[in-house]
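Coordinates in review
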Amino acid sequence: TGKLSLQAVKAVRYLFDVATGWRGEIQPNNVMNRVLFLETIAAVPGMVAGILRHFKSLRSMERDGGMLNMFLEEALNERMHLLTFVKMKDPGLLLRGAVLGGQVGFGTFYG
């Protein structure tokens, strides 16, 4: 399982490098692409956890003790980070498409 995990991490890193246009050189544009992409993916776990917690609460017809709000606040926090970086650099269509693909992929495997 260790080798499989390593290969999975390498594959995700490769896809991330391709999606953000990273070629090993530190340029402001490349760094901003990476930050924008990471902030969109960082919001997914909180949102997915919030949705799952919400559905569980609906099924059990009981309060969840505040966990739902905590998860959603974390997702909103990541969203605010993203909006701050969007003010610094407007993402193009290619990056927006990569974000959509990354969110679908990450959200599918996370949920």
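Anyway, here's the lowdown on the structure attached to this text. For clarity, every value in this text was computed on a predicted model and none was experimentally measured.

**A short note on the packing of helix α1 (residues 2-20) against helix α2 (residues 28-60)**
Running from N to C, α1 and α2 cross one another at 120°; their axes reach a closest spacing of 9 Å. Taken together, α1 and α2 sit at an angle that is classed as oblique. When the axes of α1 and α2 are compared, the crossing they make is right-handed. Facing Arg13, Phe16, Asp17, Ala19 and Thr20 of α1, the residues of α2 in contact are Asn30, Asn33, Arg34, Phe37 and Leu38. Looking at the contact of α1 with α2, its residues break down into 4 nonpolar, 3 polar and 3 charged.

**Concerning α2**
In this model, α2 (33 residues) spans 49 Å end to end at C-alpha, consistent with the 48 Å of a helix rising 1.5 Å per residue. Taken from the residues just after α2, Met61 is the one with a positive phi, measuring 55°.

**Quick notes on the layout of surface pockets**
Computed from the structure, the largest pocket encloses a volume of approximately 400 Å³. Around the largest pocket, the lining is made up of 14 residues, and of these Val12, Leu15, Phe16, Phe37 and Gly102 lie nearest the centre. At 6 residues, the largest contribution of residues to the lining of the largest pocket is made by α1. Of the residues in the lining of the largest pocket, the class split is 10 nonpolar, 3 polar and 1 charged. What the second largest pocket holds in volume is close to 180 Å³. Around the second largest pocket, the lining comprises 13 residues; the ones closest to its centre are Leu36, Thr40, Leu82, Val99 and Gln103. At the level of elements, α2, α3 (67-88) and α4 (93-110) are the ones that each hand at least two residues to the lining of the second largest pocket.

**Remarks on the side chain of Glu78**
Note that Glu78 resides in helix α3. Within the buried core, Glu78 has no salt-bridge partner, and the shortest N-O distance to an opposite charge, that of Arg79, equals 11 Å. Ignoring any residue separated from it by four or fewer positions in sequence, one finds Glu78 in contact with Glu39, Ala42 and Ala43.

**Examining the nonpolar core**
Counting 8 residues, the largest nonpolar core consists of Phe16, Leu36, Phe37, Ile41, Leu82, Leu95, Ala98 and Val99. Those elements that provide at least two residues to this core are α2 and α4. Ignoring any residue separated from it by four or fewer positions in sequence, one finds Phe37 in contact with Phe16, Ala19, Thr20, Leu95, Ala98, Val99 and Gly102.

**Looking at unusual backbone geometry**
Excluding glycine, residues mostly carry a negative phi; peptide bonds, for their part, are mostly trans. Here the phi dihedral of Met61 falls at roughly 55°; this positive angle occurs in a residue that is not glycine. In this structure Met61 comes out as exposed when scored by relative accessible area, which is 74%.

**Quick look at the pattern of salt bridges**
Using the criterion set out here, one finds 4 salt bridges in the structure. A salt bridge links Arg13 to Asp17; the shortest N-O distance between them is 3.0 Å. Of the two residues, Arg13 and Asp17 are both situated in helix α1; the distance of 4 residues between them amounts to about one turn of the helix. Of the residues examined, Arg13 reaches a relative accessible area of 43% and is grouped as partly exposed.

Scoring rules and cut-offs
Residues numbered from 1 in each chain as written. Predicted model: local features only at pLDDT ≥ 70, side-chain atom pairs only at ≥ 80, totals over all residues. Heavy atoms only, no water. Axes fitted to C-alpha atoms, helices over the stretch in contact; angles between N-to-C directions. Helix = DSSP H or I, 4+ residues; strand = E, 2+ residues; numbered from the N terminus. Parallel < 35°, antiparallel > 145°, perpendicular 65-115°, else oblique. Left-handed = near helix turned anticlockwise from the far one by under 90°. Contact = heavy atoms within 4.5 Å. Nonpolar A, V, L, I, M, F, W, Y, C, P; charged D, E, K, R; others polar. Expected span 1.5 Å × (residues − 1). 1 Å grid on protein atoms, 1.4 Å probe; cavity = no way out; pocket = protein on both sides within 12 Å on 5 of 7 lines; lining within 4 Å. Points joined across faces, edges and corners; volume = space filled by probe spheres on them. Buried < 20%, exposed > 50% of the residue type's maximum accessible area, 1.4 Å probe, protein only. Lys, Arg positive; Asp, Glu negative; His and termini not counted. Salt bridge = Lys/Arg side-chain N within 4 Å of Asp/Glu carboxyl O. Core = buried A, V, L, I, M, F, W, Y, C linked by side-chain atoms within 4.5 Å.

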